[in-house]
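# Residue-level structural notes
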Amino acid sequence: MKMSKLFVQTLREYPSDAEVVSHKLLVRAGYIRKLTSGVYNYLPLMWRVLKKIENIVREEMDNAGAQELLMPFVQPKELWEESGRWEVYGKELMRLKDRHDRGMCLGPTHEEVITSVARDGLKSYKQLPVNLYQIQSKFRDEVRPRFGLLRGREFIMKDAYSFATSQEELDKEYKNMWNAYTRIFKRCGLDTKPVQSDSGAIGGSVSHEFMVITDTDAGENDVFYCNDCDYSANSNHAISNLPDAVIDGKDYFKETKILDTPNTHSIDELSTFLNIPSTLILKSLVYIVDKKPVIALIRADKTVEETKLLNAVGGLEIRIATSEEIAELMGNHGFNTVPGFIGPKGFDDVPVIADLTVKDMKNYVVGINQTDKHLVGANHSDLNRELNYVDIRLVERGELCPQCGKPLNVTRGIEVGNIFQLGTKYSKPMNAVYLDQNGKAQPYIMGCYGIGISRTAAAAVEAHYDEAGIKWPVAIAPYHVVVVPVNIKDELQMSVAEKIYEDLRNKGVEVVLDDRDERAGVKFKDADLIGFPFRITVGKTITEGLVEYKIRETGELLSFKPEEAVEKVVEAVKAVI
RNA sequence: CGGGAUGUAGCGCAGCUUGGUAGCGCACUUCGCUUGGGACGAAGGGGUCGCACGUUCAAAUCGUGUCAUCCCGACCA
């Protein structure tokens, strides 16, 4: 490709609306342009990168025995009603109506469609197990798209779905995909860490996310991990053991009684007022799960992890209650109190979930739904109800590894892939069955496996860049090498550059010849910004028969004869293919 | 959904307070000059100032509404 004809516009300045490195660089280097919020044009350079990643994914998926197909981007409402997700998926599902007023949606994921495909085509146990995948644009109407390609509304995803006749078969395929993913990200030049995670709206039980570890804001997930063993988990799923703490208030409270605690609206104010550690306070929080209130109890020095709470009550959508909703709940139960003094007593028709930290608390402090009062020296018997104990606690740095007991670390991660065991979550409600050896209908045991193709590209930039621009891993770079004649009017320089360009092309290397009538500085800046892994510069030293060979990743500069430089690039490219 | 901000040329911005018919840098076109880290000079092309309504002789500028974009918060009672 000749640089003079390459469709790319590099910018001198960063776009004003970009926050994270990958977004800034991809726009500035001419890879993407925003069309509307969370929706981007993939310009020719970007598209080459995406196709490279797609092809690595294809090769590894095919090698792992999966088969590629392509399902529609627009899906009918009826299928989503069958699975029950039309009602519960929320606003992220982009709903439409066609001219006949028929409900449709843009595919945010394809469990429903693939299940319908499978039940039409997979009738016998003899056909199973099977793994089907596609690579396609998805649309999720995100509350708040941001970070460029890292959290767009439209994005490219590889989604695979497996169908098995038993848990053992599913386990085997799960491991198979695990191994394929490990190879895929490695080939893309990315270090990833598989972490345990919650299975979220997709559903199912076992799941892992493949995270690119990054210390920046671009990592939207907190990952807890142990240096001493292999434990690692997303914060929405992590568990830990707690160091010892004061949880019996017998030294502070001689008797159980109601105490005036004026203006203690926060835990800090309350523990200061009573002069007790916050570990002796039982905190009561009101959440709204699927439009209904739920009360969560937790030791006050700890934080509720909403996803865990959501799973504990079997809901789909959770948020903290607003003060209006709390007032309404109080009014309905005959209380007139404000946040800060809420307690679990007196809400017999409201589900109450107690964190495991609550279980062993004794002689503690708890709200009793009277403003400016708390019950002190309280015990579970004073709450007048059976407590249902579930782990709903957010793990914090320094708590102890559940496997080996050493302190846990936390870091940020970008989720580039995930694997789920779905079981029969979709096959059962959608009546997707095969006949087993006995001629009996059985629902498929399903798994699903996703990779964010466009997010992987952005994550690669997050992991490989410097002040000058992108440093693409060779395997996913849009082109392998740029050949730069310093002065295109110098006939010797230009003829050697063209010869190198032709030689590289003939050897299957993807090469750009920077034939623009620009000064050297402009070409070098663009080469660094765009991120070609290698650069061959033909300048003055060509009179001595030498060209310059530069490695973008390391900044290493070498001097070679033209044919040696060609050989160097060919070797480097072969090493990754 | 709440809170904050911003919409002026492809990109980055000024002008708005104090209304008078739009400007700078980059990019783009042409010519000259230059050619190893985003040169220089000259001459050009490109904008219904997000949109609508209003105030006014006159609106990028003032008012109302609306749309869009970005940031923050989505939490501890």
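Cut-offs used in this document
- Residues numbered from 1 in each chain as written.
- Chains lettered and ligands numbered in written order.
- Predicted model: local features only at pLDDT ≥ 70, side-chain atom pairs only at ≥ 80, totals over all residues.
- Helix = DSSP H or I, 4+ residues; strand = E, 2+ residues; numbered from the N terminus.
- Contact = placed C-beta atoms within 7 Å.
- Pairing = 2+ DSSP bridges.
- Axes fitted to C-alpha atoms, helices over the stretch in contact; angles between N-to-C directions.
- pLDDT = per-residue confidence, 0-100.
- Parallel < 35°, antiparallel > 145°, perpendicular 65-115°, else oblique.
- Left-handed = near helix turned anticlockwise from the far one by under 90°.
- Near = placed C-beta within 6 Å.
- Nonpolar A, V, L, I, M, F, W, Y, C, P; charged D, E, K, R; others polar.
- Domains from an automatic or database assignment.
- Core = buried A, V, L, I, M, F, W, Y, C linked by C-beta atoms within 7 Å.
- Buried ≥ 20, exposed ≤ 12 C-beta atoms within 10 Å, placed from the backbone.

Next up on the list: the overall build of chain A. Counting its regular elements, chain A contains 13 helices and 31 strands. Taken along the three principal axes of its C-alpha coordinates, chain A extends 95 × 65 × 50 Å. If you take every contact in chain A between residues at least 6 apart in sequence, the share linking residues at least 24 apart comes to 72%.

One open sheet holds the three strands; their spatial order is E4-E6-E5, and the pairing between them is antiparallel. With one partner strand each, in any of the chains shown, strand E4 (74-76) and strand E5 (95-97) form the two edges of the open sheet. With strand direction ignored, the average angle separating the axes of adjacent strands in the sheet is 40°. For E4 and strand E6 (residues 103-106), the ladder comprises three bridges, and the chain directions are antiparallel. The residue of E6 that forms the bridge with Gln75 is Cys105.

To continue, consider the confidence of the model for chain A. In the predicted model, chain A carries a mean pLDDT of 92, and the fraction of residues at 70 or more is 99%. The ipTM assigned to the predicted complex is 0.92, against a pTM of 0.92.

Here we take up the packing of helix H2 (residues 44-63) against helix H6 (residues 167-187). Two elements in contact, H2 and H6, have axes separated by 10 Å at closest approach and are oriented at 155°. With respect to H6, the axis of H2 lies roughly antiparallel. The interaxial crossing formed by H2 with H6 has right-handed handedness. The segment H2 lies against H6, with Ile56, Val57, Glu60 and Met61 engaging Ala180, Arg183, Ile184 and Arg187.

Moving on to the pairing of strand E1 (residues 32-36). As defined by bridge partners, E1 adjoins strand E2 (residues 39-42) across four bridges and the pair is classed as antiparallel. Bridge pairing in E2 places Thr36 opposite Val39. Linking two consecutive strands that pair antiparallel, namely E1 and E2, is a turn of two residues; a positive phi of about 75° is found at Gly38 within it.

With that settled, the discussion passes to the protein's contact with RNA strand B. RNA strand B sits among 51 residues. The nearest are Ser37, Pro339, Ala520, Gly521 and Gly539. Among the elements that make up the surface near RNA strand B, the one with the highest residue count is helix H12 (residues 520-530) (eight residues). Counted by class, the surface near RNA strand B contains 19 nonpolar, 14 polar and 18 charged residues.

Splitting chain A by domain gives domain 1 (46-239 + 410-462), domain 2 (249-390) and domain 3 (479-576). Once you take the C-alpha centre of each, domain 1 and domain 2 turn out to be 38 Å apart. At the interface, six residues of domain 1 touch five residues of domain 2. Among the residues making up the side of domain 1 that touches domain 2, the classes are represented as two nonpolar, three polar and one charged.

Turning our eyes to something else, we now look at the pairing of strand E15 (residues 292-299). In regular strands, side chains alternate between the two faces of the sheet. Sheet topology places strand E14 (residues 281-289) next to E15; eight bridges connect them, and they run antiparallel. Across the sheet, the residue bridging to Leu282 is Arg299, located in E15. Here E14 folds back onto E15 in antiparallel fashion, the turn holding two residues, of which Asp290 has a positive phi close to 45°. Note that E15 and strand E17 (residues 352-355) share three bridges and pair parallel. Looking at E17, one finds that Ala296 is bridged to Ile353.

This part is about the nonpolar core. The biggest cluster of nonpolar side chains holds 150 residues, and the ones touching the most others in it are Leu26, Ala296, Val365, Val481 and Val483. It is H2 that provides the largest number of residues to this core, a total of eight residues. Residue contacts for Val481: discarding those within four places in its chain leaves Leu504, Val509, Val511, Phe532, Pro533, Phe534, Arg535, Ile536 and Val569.

Most of helix H10 (residues 453-463) is tucked away: 11 of the 11 residues are buried. The set of residues buried in H10 consists of Ile453, Ser454, Arg455, Thr456, Ala457, Ala458, Ala459, Ala460, Val461, Glu462 and Ala463.

A separate point is unusual backbone geometry. The step from Leu128 to Pro129 runs through a cis peptide bond, and the omega angle for that step is 0°. Here Pro129 lies in the loop between helix H5 (111-121) and strand E7 (130-139). The phi dihedral of Phe147 falls on the positive side, at around 65°, and the residue is not glycine. One can find Phe147 in the loop between E7 and strand E8 (154-164). Given 22 C-beta atoms within 10 Å, Phe147 falls into the buried group. The phi dihedral of Asn369 falls on the positive side, at around 60°, and the residue is not glycine. Its place among the elements puts Asn369 in the loop between strand E18 (364-367) and strand E19 (373-378). A residue is classified by how many C-beta atoms lie within 10 Å of it, and Asn369, with 20 of them, is buried.

The subject of this paragraph is the environment of Arg119. Tracing the backbone through its elements, the reader meets Arg119 in helix H5. The sequence separation of Arg119 and Ala432 amounts to 313 residues, and the corresponding C-alpha distance is 4.8 Å. Non-local contacts of Arg119, meaning those with residues more than four positions away in its chain, are made with Met430, Ala432 and Val433.

Another point: the sheet that holds strand E30 (residues 547-551). Read across the sheet, five strands follow the order E28-E27-E29-E30-E31 without closing on themselves; strand pairing throughout is mixed. Each edge of the open sheet is held by one strand with a lone partner, namely strand E28 (511-513) and strand E31 (557-560). Along the sheet, successive strands turn relative to each other by an average axial angle of 20°, direction set aside. Relative to E28, strand E27 (residues 481-485) runs parallel, the two being bridged by three bridges. Among the inter-strand pairings, Val481 is bridged to a residue of E28, identified as Val511. Its contacts with the sheet put helix H11 (residues 491-506) on E27, E28 and strand E29 (534-538), and the angle it makes with E27 is roughly 165°.

Attention shifts here to the environment of Glu567. Along the polypeptide, Glu567 turns up in helix H13 (residues 562-576). Given 14 C-beta atoms within 10 Å, Glu567 falls into the partly exposed group. When the C-alpha positions of Glu567 and Lys550 are compared, they lie 14 Å apart, and in sequence the two are 17 residues distant.

What follows covers the packing of H2 against H10. At a minimum axis distance of 9 Å, the contact between H2 and H10 shows a crossing angle of 115°. In terms of their interaxial angle, H2 and H10 are classed as roughly perpendicular. Seen along the crossing, H2 lies across H10 with a hand that is right-handed. Only Ile453, Ser454, Thr456 and Ala457 of H10 make contact with H2, whose side of the interface consists of Val49, Leu50, Ile53, Glu54 and Val57. Of the residues contributing to the contact of H2 with H10, the split by class is six nonpolar, two polar and one charged.

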